[in-house]
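Spelled out, the chains give:
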Amino acid sequence: MGYHAKRHLRRAGGCCLLFVLFLVIAEAASRFILGLGDPPLSIEDSEIEYLFAPNQDCRRFGNRIVYNNYSLRNIENLNTNEVFQGTRVLMMGDSVLNGGAMTDHEKLATSLAQKSLQEKRTESIQILHCSAGSWGPGNYAAYVKRYTDFNANSIGFVLSSHDVWDVPDFRKVVGTSVSFPDKKPISAFTEGISRYLISRVSRSFSKKKISKLEIEDQGDTNKEQISLDALQSVIDPALVRGADAFFILHRAQSEWKSQKMPVGEKIFRDFATERGIPVYLLELDINKDYFDNIHINDNGQRKLSKIIEDHVMGL
C-alpha cells in the first residue's frame, strides 16, 4: 500500500473515531444532562382512546414522572377492594393538569394540595390525579366507566374553553405521535433530535390546529352535547352517593389578552350553574405562570393547588 493510501486510511480512521466519540458524548449528555431517553409511555384503548401505561417511574429533564397501577399520576398504588378511610379527591384533566415532563411529581398541583391538606387535617387525604394530554370530557367519562371514580368524596375537573368541543375521534396517535410513544427510544440523542428538534418545525402548525379547533367547532351543538353528557355521566352518580363535583376553568394566555370570556367557558359555567356545581377560575399571570400559550409552569401549578385545597377545606 502506498504512502498516500496509508495517509488517507489513517485520516478516515481518525474521522470515524471522532464521529464515534461524538456519538458517545452526545448520547451521554442527552441521557444524563438533558434527561432524555426515558419518556412515559402511552397505550391505546378502545373506549378511553388512550392513556398512560400503568406502573411507570420515569426521569425526564431531571423530573420524576410516576404513574400507578391505575395510570394515575400518583406514586401510591390503589387497592379498590379496600375502603379508604379519609377524604379522597379525584382530579381529572388534560395536559394542563398533567404538567407534562416539565413538572416534577412533587410540584404538581395535586401533590402540593395533598401535602398541604394532610398537614392541616387529621384524617388521611388522597388527591388522585387522572389526566393525559388532549383528553376531554369523553375521555374522563370512559375512564370512570372502566375504573369507577374510586368512591371519591369530590371530583374536580380542570377545563379549558376548547374542551367543550373535544370529542374523542380515536385517531391513531400512540406510537405515531412523538407526544405519545409506546416504547422507549433506543437512543436519548436521536430522541432529542426527532422529538424536540424536528418537532419545532411543526410546532407552528399545532398552534394553528388548536386555534382552528376553537374557531371551527364553536357552535357545534352536537359536540357540545356529547361533552356535557359525558361530564354528567361522571357527576350524577357521584352526587347520588353524596359526593360533590367542582369545575376549575383555565384560560390560555391569548384568552386573557382578549379580555373576553371564552365561548366554551361560558357553556361550562352555564352547565355548572344549572346543577349547582361550584366553579373556580384559575387566575394566572400571562408573564409568570405559563410555559407556553396553554400549559402552566410551577407557579401556575401552585395557584391550581390552592384552588383544590380551598375547595377540599370547605367540604
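Every value quoted in this text rests on a predicted model; they were computed, and no experiment measured them. (Residues numbered from 1 in each chain as written. Predicted model: local features only at pLDDT ≥ 70, side-chain atom pairs only at ≥ 80, totals over all residues. Heavy atoms only, no water.)

(A) Here's a closer look at the overall build of the chain. From N to C terminus, the chain includes nine helices and nine strands. With 315 residues in all, the chain has 47% of them scored as buried. A sequence separation of at least 24 residues applies to 73% of the contacts in the chain between residues at least 6 apart. Per element, the accessible surface of the chain, about 16,400 Å² overall, is 56% carbon and sulfur. (Helix = DSSP H or I, 4+ residues; strand = E, 2+ residues; numbered from the N terminus. Buried < 20%, exposed > 50% of the residue type's maximum accessible area, 1.4 Å probe, protein only. Contact = heavy atoms within 4.5 Å. Areas by Shrake-Rupley, 256 points an atom, 1.4 Å probe, with all protein chains shown as cover.)

(B) Molecular detail of a nonpolar patch on the surface. A contiguous nonpolar patch, built from Leu18, Leu21 and Ile25 and spanning about 310 Å² of accessible area, is present on the exposed surface. Along the chain, Leu21 falls in helix α1 (residues 3-33). Its relative accessible area of 46% is what places Leu21 among the partly exposed residues. (Patch = residues over 30% accessible without salt bridge, like charges linked within 9 Å, V, L, I, M, F, W, Y side chains within 5 Å. Salt bridge = Lys/Arg side-chain N within 4 Å of Asp/Glu carboxyl O.)

(C) Spatial organisation of the confidence of the model for the chain. Scored by pLDDT, the chain comes out at a mean of 89, with 85% of its residues at no less than 70. The model gives residues 204-214 a pLDDT under 50, and that stretch makes nine contacts with residues more than four places away or in other chains. (pLDDT = per-residue confidence, 0-100.)

(D) Structural context of the pattern of salt bridges. By the definition in use, this model includes 17 salt bridges. Each of Asp45, Glu47 and Arg146 takes part in one network of salt bridges that share partners.

(E) Molecular detail of the nonpolar core. Core analysis: the biggest nonpolar cluster contains 46 residues, and Leu90, Met92, Trp135, Tyr143, Phe157, Leu231 and Phe247 have the highest contact counts within it. Per-element tally for this core: the top contributor is helix α6 (residues 221-240), with six residues. Other than its neighbours up to four places away in sequence, Phe247 contacts Phe157, Leu159, Leu231, Ile235, Phe268, Phe271, Ala272, Ile277, Pro278, Val279 and Tyr280. Grouped together as the second largest cluster of nonpolar side chains are 22 residues, Val96, Ala109, Leu117 and Phe246 included. (Core = buried A, V, L, I, M, F, W, Y, C linked by side-chain atoms within 4.5 Å.)

(F) Main features of the packing of helix α4 (residues 137-147) against α6. Close contact between α4 and α6 brings their axes to 8 Å; oriented N to C, the two are set at 30 degrees. By the angle between their axes, α4 is roughly parallel relative to α6. Once α4 is placed against α6, the crossing between them reads as left-handed. On α6, the residues that touch Pro137, Gly138, Tyr140, Ala141 and Val144 of α4 are Ser227, Ala230, Leu231, Ser233 and Val234. (Axes fitted to C-alpha atoms, helices over the stretch in contact; angles between N-to-C directions. Parallel < 35°, antiparallel > 145°, perpendicular 65-115°, else oblique. Left-handed = near helix turned anticlockwise from the far one by under 90°.)

(G) Geometry of the environment of Gly264. If you trace the backbone, Gly264 turns up in helix α8 (residues 263-275). Taking C-alpha positions, Gly264 is 8.8 Å from Glu224, a pair spaced 40 residues apart along the chain. Look past the residues within four positions of Gly264 in its chain and what remains in contact with it is Ser161, Val164 and Trp165.

(H) Representation of the sheet that holds strand β8 (residues 244-250) within the structure. The strand order across the open sheet built from five strands is β6-β5-β7-β8-β9, with neighbouring strands paired in parallel fashion. At either end of the open sheet lies a strand with only one pairing partner, and these are β6 (124-131) and β9 (279-281). For this sheet, the mean inter-axis angle between neighbouring strands, taken without regard to orientation, is 20 degrees. Examined bridge by bridge, strand β7 (residues 154-160) and β8 share seven bridges and lie parallel to one another. If you follow Ser160 over to β8, its bridge partner there is His250. With respect to the sheet, α6 is in contact with β7 and β8, its orientation differing from that of β7 by roughly 160 degrees. (Pairing = 2+ DSSP bridges.)

(I) Structural detail: helix α3 (residues 109-120). An ideal rise of 1.5 Å per residue puts 16 Å on twelve residues; α3 measures up with 17 Å between its terminal C-alpha atoms. The set of residues buried in α3 consists of Ala109, Thr110, Ser111, Ala113, Gln114, Ser116 and Leu117. Those residues of α3 that are buried lie in contact with β5 (86-93), α2 (95-98), β6 and α9 (298-313). (Expected span 1.5 Å × (residues − 1).)

(J) Representation of the packing of aromatic side chains. Counted by the stated rule, this structure contains 13 aromatic pairs. With 5.4 Å between their ring centres and 90 degrees between their planes, Tyr70 and Tyr147 make a pair best called edge-to-face. Placement of the pair is Tyr70 in the loop between β4 (63-67) and β5 and Tyr147 in helix α4, with a sequence separation of 77 residues. Against the face of Phe61 rests Arg60, its NZ or CZ located 5.5 Å from the ring centre. Arg251 extends its terminal NZ or CZ atom over the ring of Trp256, reaching a point 4.8 Å from the ring centre. (Phe/Tyr/Trp six-rings, centres within 6.5 Å; stacked < 30°, edge-to-face > 60°. Lys NZ or Arg CZ within 6 Å of the ring centre and 35° of its normal.)

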